[in-house]
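Residue strings, one per chain:
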Amino acid sequence: MSNEENKYSSSTIHNHAGENPDKKPDMVINKEQHHKAKKDSVKSRNRDLTVGDPGTVLWQFCLPLFGSIIFQQLYNIADSLVAGKFIGENALAAVGNSYEVTLIFIAFAFGCNMGCSVIVSQLFGAHDYKNMKTAVSTAWIASAVLCVLLMVIGLFGCGALLRLIHTPDEVLADSRLYLNIYIWGLPFVFFYNISTGIFSALGDSKTPFVFLAASSTSNIAVDIFFVTVFQMGVAGVAWATFLCQGVSCVLAVVVVVKRMKAIPCAEKAPLFSMPLFKKIAVVAVPSILQQSFISVGNIMIQSVINSFGTGVMAGYSAAVKLNNLVITSFTTLGNGISNYTAQNIGAGKTPRVKDGFRAGVKMVWLISIPLALLYFVFGKYLLYLFLDSPTETALQTGITYLRILSPFYFIVSVKLVADGILKGASMMTRFMISTFTDLILRVSLAILLSKTMLGATGIWCAWPVGWVIGTLLSVRFYYAGFRNR
């Protein structure tokens, strides 16, 4: 018990003895107890990643993140699954084709997520709660402006982009319809991503999991309902995603606001700070560029794939959903390691980062083993989840894609762990060099190899080459950055 609490407890004893009828000390006790209870409540929801065994801390923090990944991917998988099973192969091709374009918008939302998450993590680790709250509101304001600009560009430019990537005429109308509905839901995408970044920055990986579990399962039901009952076609899967993401976004923002109000702060935090905006931008802009260039690269690859016809498009669309589930899992776990790194650097506990790297590699390898085996051996049966009475071309395309990529999950997973540490330490230049090298190799080799006797198979062979070189660079940069720290 503190001296202050002892003083108030003593006063209370005297009151019971009748020596002092003044009740103010009791009022102070109640205020102190309420304040302490409030702080304890905040601590129970937020998690300090700077204490405890690094391996245990990361597992406890990242396991709910892994669960969130699965439900997050259900959004994308549900649209393709319902389109392929209940509408047709062309609908699946249209949704898959549109997905590559939506990744550009997601890149911006993800960049804002990373910028906010890393800075908030560092401030939370340093117990600088005033600036932490300002960083949250600053990120929201800046992201809202960016979101409006992207909506205007998207609504007027997506049609031209779809034609630019040689979208076949039979899927062009549905692709454009899906994208237009998606763009109107961009505010939900942005604010939900930033909110989940804030939860992760505070060491809370369970709240996003709850939101995603509820909204993604609802999305599947609404997808099927709109398509089978209302016969809305591709528009039905788009509107279902719009509605479910909207609900989860509003709930997430409300909880973040309540969480911020519950954290004690000596003085009112400003709504916007240019210095904090610049710090957020230092992390966000490279992340946006990285994700955007990856999206542009994927669109270029999609353009090459489109030249092989709708059968290859449908097979790739189904297989890439399965691949994205794995890659997004590793990326999200890497983001968790970014939060771990940022909190420990903010608290001045840099040596713990090295232990975090080793624990992170063990974690992703344990995930890689079953997924690589599943895709390599049973990939054909998983593809049937998306393809109803598929053509031989579509099925063989998906099988070949998965068998070429899955053995290399062990390598790319290490890259994404190292990338997570580089981002958490704000070493964005090194992170970008590694990522762009991987991307440039994949795109250039995909274009070149597709023109050889390998055909479409040559496109898939480009992935492992980029992953291997990118991993070597990321690991090298990690060791160079933390060798003497």
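In every chain, residue numbers begin from 1 and rise along the written sequence. Reporting of local features is limited, given that this is a predicted model, to residues whose pLDDT is at least 70; pairs of side-chain atoms are given and counted only at 80 or more, and all residues count toward the totals for whole chains, interfaces and linings. Each side-chain value is derived from all of the structure's non-hydrogen atoms; neither hydrogens nor water enter the calculation.

Caption draft 1: Highlighting the overall build of the protein. For the protein, the count of helices and strands is 16 helices and 0 strands. Evaluated residue by residue, the protein yields a buried proportion of 56% over its 485 residues. Across the protein, contacts joining residues at least 24 apart in sequence account for 84% of those joining residues at least 6 apart. The accessible surface values rely on the Shrake-Rupley method and a 1.4 Å probe; as for residues, cover is taken only from the protein chains in view. Roughly 20,400 Å² of accessible area belongs to the protein as shown, and the carbon and sulfur atoms make up 67% of that amount. Helix and strand assignments follow DSSP, with helices taken as H or I runs no shorter than four residues and strands as E runs no shorter than two, numbered in order from the N terminus. Three labels apply to residues, based on accessible area from a 1.4 Å probe with only protein chains included: buried if under 20% of the type maximum, exposed if over 50%, partly exposed otherwise in between. Whether two residues are in contact is decided by their heavy atoms: any pair within 4.5 Å suffices.

Caption draft 2: Spotlight on the packing of aromatic side chains. Aromatic rings from Phe, Tyr and Trp, taking only the six-membered ring of Trp, are treated as a pair when their centres fall within 6.5 Å; an angle between ring planes under 30 degrees marks them as stacked, one over 60 as edge-to-face, and anything in between as tilted. If you walk through the whole model with that rule in mind, you get 21 aromatic pairs. Between Phe 272 and Phe 277, the aromatic rings sit 6.0 Å apart at their centres with planes inclined by 35°, giving tilted as the arrangement. Its relative accessible area of 30% is what places Phe 277 among the partly exposed residues. Here the aromatic residues Tyr 316, Tyr 401, Trp 460 and Trp 463 are joined through ring pairs into a cluster of three or more.

Caption draft 3: Expanded view of the nonpolar core. Residues enter a nonpolar core if they are buried and are Ala, Val, Leu, Ile, Met, Phe, Trp, Tyr or Cys, with the set joined through side-chain atoms within 4.5 Å. Counting residues in each nonpolar core, the largest one holds 131 residues, and the members touching the most others are Leu 186, Ile 198, Leu 383, Tyr 401, Tyr 409, Trp 460 and Trp 463. Here this core takes 17 residues from helix 4 (residues 89-125), the largest share from any one element. Non-local contacts of Tyr 409, meaning those with residues more than four positions away in its chain, are made with Asn 323, Val 326, Ile 327, Phe 330, Ser 368, Ala 372, Tyr 375 and Trp 467. Core analysis: the next-biggest nonpolar cluster, separate from the first, contains 12 residues, Val 82, Ile 181, Ala 235 and Phe 242 among them.

Caption draft 4: Focus on the pattern of salt bridges. Throughout this description, the term salt bridge denotes a Lys or Arg side-chain nitrogen within 4 Å of a carboxyl oxygen of Asp or Glu. Applying the stated criterion across every chain yields a total of 5 salt bridges. As a salt-bridge pair, Lys 415 and Asp 419 come within 2.6 Å of each other at their nearest N and O atoms. With Lys 415 and Asp 419 both in helix 14 (residues 409-424) and 4 residues apart, this pair spans about one turn of that helix. Asp 419 matches Lys 415 in its accessibility class, with the two residues each being buried. Between Arg 442 and Asp 438 there is a salt bridge, with its nearest N and O atoms 3.0 Å apart. Of the two residues, Arg 442 and Asp 438 both sit in helix 15 (residues 428-450), 4 residues apart, roughly one turn of that helix. Its relative accessible area of 7% is what places Arg 442 among the buried residues.

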